[in-house]
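Listed here are the chains, written in short residue letters.
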Amino acid sequence: MASKQPDALLGPESDSQRTQYPYVTGTSVVAIKYKDGILMASDMGGDMIYCLIAHGLPVKVTMPELCSYGSTLRYKSVERIKPIGKHSLLGASGEISDFQEILRYLDELILYDNMWDDGNSLGPKEVHNYLTRIMYNRRNKFNPLWNSLVLGGVKNGQKYLGTVSMIGVNFEDDHVASGFGNHLARPILRQEWHENLSFEDGVRLLEKCMLILLYRDRSAVNKFQIAKITEEGVTIHQPYSLKTNWEFSAFQNPSQGAVGSW
Amino acid sequence: MSTSSVELPPKGGFSFDLCKRNEMLAKKGANPPSFRKTGTTIVGLIFQDGVILGADTRATAGSIVCDKNCEKIHYMAPNIYCCGAGTAADTEAVTDMVNSQLQLHRYHTGRESRVVTALTLLKSHLFKYQGHVQAALVLGGVDVTGPHLHTIYPHGSTDTLPFATMGSGSLAAMAVFESKYREGLSKEEGINLVCEAICAGIFNDLGSGSNVDLCVITKGHKEYLRNYQVPNHRAHISSKGFTFPKKTEVLLTKITPLDEKVEVIEAGDAMEE
C-alpha cells in the first residue's frame, strides 16, 4: 500500500492526482467458461463510501477502513459488464469511475484497431494483456486504478477467461471471480464446474453463486445481470432478481429453547 | 508514607501495565513471538435428530503449520461439544474452564447440563475480557429442550442458528452450506454435508488443512469421530525408513544411585482432618 513518503518524491502536483481509496464501488463479478463461450454475472449495486473530508479535500490515508464511517447503497442500476470490440466482455468490481476510465482507454484501443481496417481484430488475449500493462503501470506510479477486472471472450473458436487485479496480478483460468466472489463463489465453482457446461447449466451454476453472494456479501443487491459471449457475439441479458429462501423454522423463533440468548 | 494506600489484590481482568513497554520495544524492532492460532474451518449444523459439529485439524503459528493433527472439537459436557477457532490457548483455556464450571453445576443441580448454560458462561467470560480473549466458538448440543447450535464471537456476542461456520475458512464452508442446506436432513446427509463444507475450507483456505473431525450429538447419545476423513494422507513414504549412518560413541558411563541422597522420614504427623 502507498505510504506517505512518495509525496516528497513525486513533487507538489502529485497530491491532487492519486487514488488512495475508492468512493463508489461495485462488488463481485463471477465468470465461467461453458460449452459455447463465456458466461459472466454481476449484480447492479453501486456502494458509496463516506470518508472524512478536511479543507474540502479527502483526508489522505492508505486504508479506507480507517477513514470511512459507513456506506450507502447509492446506485442500483450500475452496469458493470461491458462488451469490448467484437470478441471480449469486461466485468469490473471496485471503483466505478476508474472502470469508466478503463472503458475510455479500451475504446481508444479498439478505435485505432478498427482504423487499420485490415480484417484483424483484437481478441480477448490481447485486450487482457493491454489491461495488465495499464494496471501494473499505474500501480508503479502509486496511483492505481482501484478495480479487479474480469475479461472473457471467444476468438476463432478459442475461449479465453482471465482476470487482472488492482496491482497488476493477472492469470487465466476456467472460472474466475473478483472481490468476495473469490471466497464465496470459487469453492463452489471448483467443486461443480466441468468442461462443456450447457447454457442452462452454466446459468444455474452462476445463479447459485450469486445467491450465496446475495446472502453473505454486505454490498450485494438482488438485481443481477448475466452476460454471454460466444463466437456469434455478445448478449447482455436484462436484469432480474433471484428468489431468496428465509423459511427456516429456526428463524421463526430463534430463542425458542434458549431464552436469554439472542 | 501514607498509611491509607493499602495494597489491594487485583480484582481480575487484564492489567495493561506492560503495554507501553511493549510498544516501545516494538518500535525498536523487538517484536513479540507470534501466537499459535488455529486458522480454521469449524462448522455446525442441526439435522433432524440433533447436532453435527465438524472441524479441520491444522494449527498454524504465523505461516508454519505447527500441528498437523490437532483437536479442535472440545468436550464440554456429555451432551455438549464446542469447536474453537482463533488463538489456540484461548480456545483451550476457555472451553476447559467452562467444562469444569458445568461439571460443578451438574453436581449442584443433579441435572443434565443445558446448552444455554454453557453459552451464557462462555459469553459473559468473553465479554468481560472485551475481545482480548480471542476465541471464536461454535457450541452445539442436545438437552431436554432440544438440539441447539450457537456461535460465539470473541467480543461476547452470540447467534443461534440452524447452520454456522467460523474461522478463516468460514466463507468457503458457508458457500457449501448456503447452497446445500435444508431442514430435516438425515444423519448420513448431515455428515456428508459437514464433510463437504470442511473439505471446502481445507482445500480453498490456506489456514485450514489436514483432516476432518466430526462429532454427532443426538438425544442421549454422542459419537466423536476423530479423523473421520483423511483427504491429505502422506502419499509418498520412503519404504527404506530412516537409518542413522553413524552411532554415537559412548565414552564414559557413571551411575549415581539417588536413594542415598534423599532422607525419607517414615514417622510423620498425620494430615489434619
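The text that follows walks through the structure, step by step, so that each part is easy to find. Counting from 1, residues in each chain are numbered in the order their sequence is written. Each chain gets a letter, beginning with A, and each ligand a number, beginning with 1, in the order they are written. Side-chain atom pairs in this predicted model are given and counted only at pLDDT of 80 or more, local residue features only at pLDDT of at least 70, and totals for whole chains, interfaces and linings cover all residues. In computing side-chain values, all of the structure's heavy atoms are included and hydrogens and water are not.

1. What about the nonpolar core?
Alright, step 1. Core analysis: the largest hydrophobic core is formed by 66 residues, its most contacted members being Leu45 and Phe177 of chain B.
Alright, step 2. A helix here means a DSSP run of H or I that spans at least four residues, while a strand means a run of E at least two residues long, and both kinds are numbered starting from the N terminus. By residue number, the principal contributor to this core is helix α5 (residues 187-204) of chain B, which donates 9 residues. As used in this record, nonpolar core signifies buried Ala, Val, Leu, Ile, Met, Phe, Trp, Tyr and Cys residues forming a set joined through side-chain atoms within 4.5 Å. Only protein chains enter the area calculation, which uses a 1.4 Å probe; residues under 20% of their type maximum are buried, those over 50% are exposed, and those in between are partly exposed.

2. Some points on the side chain of Ser121 of chain A
All names here are of chain A.
Alright, step 1. Mapping Ser121 onto the fold places it in the loop between α3 (96-116) and α4 (124-140).
Alright, step 2. Polar contacts, as used here, are pairs of N or O atoms within 3.5 Å; protein pairs need one atom able to donate a hydrogen and one able to accept it. Residues neighboring in sequence count only if both atoms are side-chain atoms. At a separation of 2.8 Å, a polar atom in the side chain of Ser121 contacts the side chain of His87.
Alright, step 3. Apart from residues no more than four positions distant in its own chain, Ser121 is found in contact with Lys86, His87, Asp113 and Lys155. Any two residues whose heavy atoms approach within 4.5 Å are treated as being in contact.

3. Structural notes on the sheet that holds strand β14 (residues 224-230) of chain A
All names here are of chain A.
Alright, step 1. Whether two strands pair comes down to DSSP finding at least two bridges between them. One open sheet holds the 5 strands; their spatial order is β13-β2-β3-β14-β15, and the pairing between them is antiparallel. Of all the strands in the sheet, the pair left with one neighbour each is β13 (175-177) and β15 (234-236). Strand-to-strand, the axes of this sheet are offset by a mean angle of 10 degrees, without reference to chain direction.
Alright, step 2. Bridge count between strand β2 (residues 29-33) and β13: 3 bridges; the pairing is antiparallel. Paired with Val30 across the two strands is Ala177, which belongs to β13. Where helices are involved, their axes are fitted lines through C-alpha atoms of the stretch in contact, as for all axes, and angles between N-to-C directions lie from 0 to 180°.

4. Things to note about the interface of chain A and chain B
Alright, step 1. Tallying the contact residues gives 23 residues for chain A and 25 residues for chain B.
Alright, step 2. Buried area, as used here, totals the accessible surface that two parts lose on assembly, with accessibility defined by a 1.4 Å probe and the loss added over both. Taken over both partners, the interface formed by chain A and chain B buries close to 2000 Å², and the fraction arising from carbon and sulfur atoms is 62%.
Alright, step 3. We count a salt bridge whenever a side-chain nitrogen from Lys or Arg sits within 4 Å of a carboxyl oxygen from Asp or Glu. Applying the counting rule to chain A against chain B returns 2 salt bridges.
Alright, step 4. Across the pair Glu192 of chain A and Lys180 of chain B runs a salt bridge whose closest N-O atoms are separated by 3.7 Å.
Alright, step 5. For the pair chain A and chain B, the interface holds 4 residue pairs in polar contact (both at pLDDT 80 or more).
Alright, step 6. Among the secondary structure elements, those contributing two or more residues to the side of chain A that touches chain B are α5 (181-192), α6 (199-216) and α7 (249-252) of chain A.
Alright, step 7. Looking at the side of chain A that touches chain B, the element that brings in the most residues is α5 of chain A, giving 7 residues.
Alright, step 8. In terms of residue class, the side of chain A that touches chain B is made up of 12 nonpolar, 6 polar and 5 charged. Under the scheme applied here, ten amino acids are nonpolar (Ala, Val, Leu, Ile, Met, Phe, Trp, Tyr, Cys and Pro), four are charged (Asp, Glu, Lys and Arg), and all others, including Gly, are polar.

5. Overview of the environment of Val78 of chain A
Residue and element names in this part refer to chain A.
Alright, step 1. Considering the arrangement of structural elements, one finds Val78 in the loop between β7 (68-75) and β8 (81-84).
Alright, step 2. Its relative accessible area of 14% is what places Val78 among the buried residues.
Alright, step 3. Each C-alpha atom, one on Val78 and one on Lys35, is 28 Å from the other, the two residues being 43 residues apart in sequence.
Alright, step 4. With sequence-adjacent residues up to four places away left out, Val78 is seen in contact with Asp43, Met44, Gly45, Gly46 and Ile96.

6. Regarding the packing of α3 of chain A against α4 of chain A
Residues and elements named next belong to chain A.
Alright, step 1. Their axes nearest at 11 Å, the elements α3 and α4 cross at an angle of 135 degrees. On the basis of their axis angle, the class for α3 and α4 is oblique. Judged by the twist between their axes, the crossing of α3 over α4 is right-handed. Contact with α3, carried on its side by Ile102, Tyr105, Leu106 and Leu109, involves Val127, Tyr130, Leu131, Ile134, Met135 and Arg138 of α4 and no other residues of that element.
Alright, step 2. Class assignment for the residues of the contact of α3 with α4 results in 9 nonpolar, no polar and 1 charged. Angles are sorted into four bins: roughly parallel if under 35 degrees, roughly antiparallel if over 145, roughly perpendicular if 65 to 115, and oblique for all others. What makes a crossing left-handed is the near helix being turned counterclockwise from the far one by less than a right angle; a clockwise turn instead makes it right-handed.

7. Some details on the pattern of salt bridges
Residue and element names in this part refer to chain A.
Alright, step 1. Scanning all chains against the criterion turns up 16 salt bridges over all chains.
Alright, step 2. Between Glu101 and Arg104 there is a salt bridge, with its nearest N and O atoms 3.4 Å apart. You can see Glu101 and its partner Arg104 sitting in helix α3, 3 residues apart, about one turn around the helix.
Alright, step 3. For Glu101, a relative accessible area of 22% translates into the label partly exposed.

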